[in-house]
Each structure stands twice: as structure tokens, then as C-alpha cells.
Amino acid sequence: MDAGRGRGVGGVGRGQAAEAAEVAAGAQAAGAAGMAKSSGENGPRAPAAGGSLSGTRENLAQGPDSATTDELSSLGSDSEANGFAERRIDKFGFIVGSQGAESALEEVPLEVLRQRESKWLDMLNNWDKWMAKKHKKIRLRCQKGIPPSLRGRAWQYLSGGKVKLQQNPGKFDELDMSPGDPKWLDVIERDLHRQFPFHEMFVSRGGHGQQDLFRVLKAYTLYRPEEGYCQAQAPIAAVLLMHMPAEQAFWCLVQICEKYLPGYYSEKLEAIQLDGEILFSLLQKVSPVAHKHLSRQKIDPLLYMTEWFMCAFARTLPWSSVLRVWDMFFCEGVKIIFRVGLVLLKHALGSPEKLKACQGQYETIEQLRSLSPKIMQEAFLVQEVVELPVTERQIEREHLIQLRRWQETRGELQCRSPPRLHGAKAILDAEPGPRPALQPSPSIRLPPDAPLPGPKAKPKPPKQVQKEQRKQTKASGQLDKSLSPNQAAVVTAAGDACLSQDVPSKDLASQDPAPQDSAPQDLAHHCSQESLTSQESEDTYL
């Protein structure tokens, strides 16, 4: 029986293997469809009778009767079955013993962690300088992992969310106070309890975590009404809220949707389909064995990579690996998402030994759904991702190829999303942060208590003028003894010009009178040069 028939049109006489493969493909397709828009026939429920909407912040808050109710009742049937009588939280905020918690973690020595924190503080305090001159150093430090205490702040700087916040002061508050589009409110509320239900922020229905998540997602539907809400945005926003307040999380979500993954959350999911073809084409170069197997089984990339890419592996990898991937993703862009996907495919299906257990389509999809913990382990995965030779240029080249094929077979794209930017450096170059206004810095600095000179000098008292005139007469008399009458007249005129610029008379007396032919010209030149210098100094100060 040909296992590949599972993707064909159903007919009489199909074997059990083909039927099982079709069931698996249908289940994965349903999961992919869950990431699409909740609109149309499967759209949001109609508002309740009386015009009251269930998707409001007031209704998300716990009622007065819930004060006597145990908070653990909000965990749902899964948590009650596991018996979380005592909630012990790991360092990531997950309930110990839940699916999100991890038993074996790689601990960074305390001294190393403190050194990294010091280095990151220096970078964040001089961010523009580091991005302009030492971007490679930032990339290397992101690959090593951002210190947990600074991760939220670093994500805001890397993504450009901090710049967007500065450019739009009060915008989030305005969106937050708006009532919102009724067609999205109920859909968002229904998705809240599904986002990391075993994390301390989202464990309680109507708690602060779920309220902030509702605020961020509702604000985005108002910020981009033409795009609306997509279910895959909820886990992205939830991860951001674990590391920063709601307003900062909102602007980071905007950057992810518009700069890092543009078009991913549009109605037709055209961008994710294109990237699925790009991933499959790159796989042929990274792992020909895995590429040949998926081609033979006729497994569409959407069946295994939709949740990987749209949620940035937040629902796939162990949490320590998720954070390390996001550190690199914010710094280097979507190529990190491609590299992680290629590494998982390579090590899950890249050898004949591993393909022995994947004889059919159903078994192959199950293999990709239940990946080996060794493949997803933090140190192993990060090292493989860093070393994988897939660049932005290769991704963009494949993008143009797949886009041309799409236009030949399906026509023009309906979603006109902006071009994506590959990482923090490209985003900063495209949207530089606001620069502070330049302040005048005078070259002549006076003591704090000294009075500032005005634009025009104050008139001198009559006594001071008479004193200077006497000095002038005395100096002229001394020069007359050594100069001819014509030369004395020239010197007297030059002295008058110097006195008008407050040049002391002792400078005139110190001039060397020899040789007699050039003394008057040199003295006049000296006075004019002194006047120019004083005027320049005054202009510089003012």
C-alpha cells in the first residue's frame, strides 16, 4: 500500500494506512487553521442579549463572590487532575510539575552572570553608540544569552519598541480606554485561558496577567483594524508580558508583527505560506535526506511549521530554549526562526536510522510533533543554530524565487505587507530614535556669579574717559619725540582706533619704533587685527 495516497482525494478501497495519514494531515490542518482569523462562518459569537459584551475588562476581573473561592479552581481540569495542592514556582514562573516547568536547567555561574549584567548595563546606557560601532559585539552577547534581570529591557531596545513608545506617547492609553471592536472582543477573551495556563501570571481567570493580555491584544486590533486579531498573536503577547509592562509589551508586539514577521497574522496567511516554501527549499541544502523524505511523503510545510513560525517556538521548545531563541531572534531577525526550524528537521528526519520509524505520513508528522528532548536542549540547540550557514541574503533570494512562483501559479498576493527587516540593526537604521536638541556650548566660560555681557557695551563714566584721554596724550607725546610730524599724525589716528576697541595704551608704548618707515603701518595693522579677534570672540560667545 502506497502510504503517499493519504494526501490524495478519497476514494473507494483506500487502505488503513492512507486513512490514518489523512486523519493526521487533517488534524494538523485544523491546527493550522486555528492560527487563522476567527471570522466568517466560524467568526465570533454574537453579543449577548441586552447588548452587553462578555469581552470587557470589567467582566474579566473577578466578581465579589470569587473572593471566597480558592484560586486553584481557575487552573482547570488538567491542573486539578495533577493535584497542585501547593504551588511551587520555578525561576521562569511556571508551576513545578507542570508541562512548562523543567527539571534540569543549565545554571550560569553567579560571577559570570554579574559580569554579563554589568556589560549589558553599559550597552543599554549607551545603546546608539554600541549599535553604530559594535553591533557584532551585541550579537555575540545575545547568542550567549541576555541576563534574566535585563531581558525585558534589552528586548525593547533590540526590537525598536522603546523608540516606538517614545514616538507615540499616550497612544497605548488612548487605545486602552477605547471600547474596542465588538467582533474581536469575545474571540480574544475566549483565548485568554489557553495561553500558558500553568504560569503564575495566567493561572487565574480574570487575574492581572489575563487582563493585561486582553488589553494588549484589544489595543492591537484598534491600532491595526485592517489586520485585526489572530490567535497566534496571543502567545507572543503573553511571552512579552512575562518580561515587561503592558504598554511596552504592546509596542514590542507591534514591532514583531510589522518588522520581524510582517504578514504572518493577515487573514489569508500568505506570508507564512511563502516562508513555508522558503524553509522547504533551504532544507534541501541543509539536509537532503529530510527534504527527500518529506517530498516523498508529500507533506506540506504548513502541517509542521505553522505553529513553529507564527508563535516563534513559544509552544514548541523548553522554556530555557525559548528565551535563548528569542534573544537571538530580536537581535538577528527571522533568520533565527528559519535556522531553528531547519535544525529541528535535520535532527528529527536527517538520517536513515531516524527514518526507519517514519514509514508513512502519519508517523512522520508524529515524529515532528514529539521531538526528542536532546534536540531541543538549550546548549545543543543554540550551538547548532549559531553554526548553521543560513544568511539573510539566502532567505531573501529564496523569497524572490518563491514569490515569482506564487505569482505564476496563484496570481498576485492579496496581502500587501511591508518588507521585513532582518534584526535590530536594520530596524534602527530604518527608524532611528529621537535625538535630543543640540544645546549651545559657548567657548568662553565665565564663573557662575559673573554678570553676562550684553550685546552692546555700556557707556563708560566721564572720569574714566578723561583718564584714557590723558594716557593717550602722554603716549602720543612720547612717540612724537622719535617720529617725524607726518608719522606722529598716523600713529595718533591708529591710537584712536585701538582705544575704541579697549586696547591698553601700554601695548602701544611697547611697540618698537625702528625702523621708522614701517612703524606706523605695523601699528595700524596690529590694531585692526586685534579688533577682528575681539569681534570673533564676542560672536562665538553669543
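Just so we're clear, the structure is a prediction, and the values are computed from it rather than from any experiment.

Cut-offs and rules
- Residues numbered from 1 in each chain as written.
- Predicted model: local features only at pLDDT ≥ 70, side-chain atom pairs only at ≥ 80, totals over all residues.
- Heavy atoms only, no water.
- Axes fitted to C-alpha atoms, helices over the stretch in contact; angles between N-to-C directions.
- Helix = DSSP H or I, 4+ residues; strand = E, 2+ residues; numbered from the N terminus.
- Parallel < 35°, antiparallel > 145°, perpendicular 65-115°, else oblique.
- Contact = heavy atoms within 4.5 Å.
- Nonpolar A, V, L, I, M, F, W, Y, C, P; charged D, E, K, R; others polar.
- Core = buried A, V, L, I, M, F, W, Y, C linked by side-chain atoms within 4.5 Å.
- Buried < 20%, exposed > 50% of the residue type's maximum accessible area, 1.4 Å probe, protein only.
- pLDDT = per-residue confidence, 0-100.
- Salt bridge = Lys/Arg side-chain N within 4 Å of Asp/Glu carboxyl O.
- Polar contact = N/O pair within 3.5 Å; in protein donor to acceptor, adjacent residues only side chain to side chain.
- Phe/Tyr/Trp six-rings, centres within 6.5 Å; stacked < 30°, edge-to-face > 60°.

### Describing the packing of helix 7 (residues 151–159) against helix 17 (residues 319–332)
Here helix 7 crosses helix 17 at 30°, and the two axes come no closer than 8 Å. Judged on the interaxial angle alone, helix 17 and helix 7 are roughly parallel. Contacts from Arg 151, Trp 155, Leu 158 and Ser 159 of helix 7 reach helix 17 at Leu 323, Trp 326, Asp 327, Phe 330 and Cys 331. Residue composition of the contact of helix 7 with helix 17, grouped by class: six nonpolar, one polar and two charged.

### Topic: the nonpolar core
Ranked by size, the top nonpolar core spans 117 residues in total, and within it Leu 240, Phe 250, Tyr 304, Trp 326 and Leu 344 carry the most contacts. Sequence-distant contacts of Leu 344, defined by excluding residues within four places in its chain, comprise Trp 308, Phe 313, Leu 317, Leu 371, Ile 375, Met 376 and Leu 381.

### So, the confidence of the model for the chain
Here the chain shows a mean pLDDT of 75. Residues at 70 or above account for 63%. When the criterion is pLDDT under 50, residues 479–483 qualifies, and its contacts beyond four places in sequence or with other chains add up to six contacts.

### Some points on the pattern of salt bridges
In this structure the tally under the stated criterion is 19 salt bridges. Across the pair Asp 176 and Arg 215 runs a salt bridge, and its minimum N-O distance is 3.0 Å. Within this pair, whereas Asp 176 is found in helix 9 (residues 171–177), its partner Arg 215 is found in helix 11 (residues 208–223), the two being separated by 39 residues in sequence. Relative accessible area serves as the criterion here: at 7%, Asp 176 is assigned to the buried category. Residue Arg 215 is classed as buried on the basis of its relative accessible area of 18%. Glu 396 is the partner of Arg 420 in a salt bridge, and the nearest nitrogen-oxygen pair spans 3.8 Å.

### Focus: the side chain of His 422
By secondary structure assignment, the location of His 422 is in the loop between helix 23 (392–410) and helix 24 (424–430). Here the side chain of His 422 touches Glu 396 through a polar contact of 2.7 Å, side chain to side chain. In contact with His 422, other than residues within four places in its own chain, are Glu 332, Gly 333, Val 334, Glu 392, Ile 395 and Glu 396.

### Some words on the packing of aromatic side chains
What characterises a pair of aromatic rings is the spacing of the ring centres plus the angle enclosed by the ring planes. Following the criterion strictly, the structure yields 19 aromatic pairs and no others. Ring plane angle 85° and centroid distance 5.7 Å describe the contact between Tyr 223 and Phe 250, whose orientation is recorded as edge-to-face. Of the two residues, Tyr 223 is situated in helix 11 and Phe 250 in helix 13 (residues 246–260); the sequence distance between them amounts to 27 residues. As far as the burial class goes, Tyr 223 and Phe 250 line up, both buried. Relative to Trp 251, the ring of Phe 250 lies with its centre 4.9 Å away and its plane at 70°, an arrangement referred to as edge-to-face. Pair check on accessibility: Phe 250 and Trp 251 agree, each one buried.

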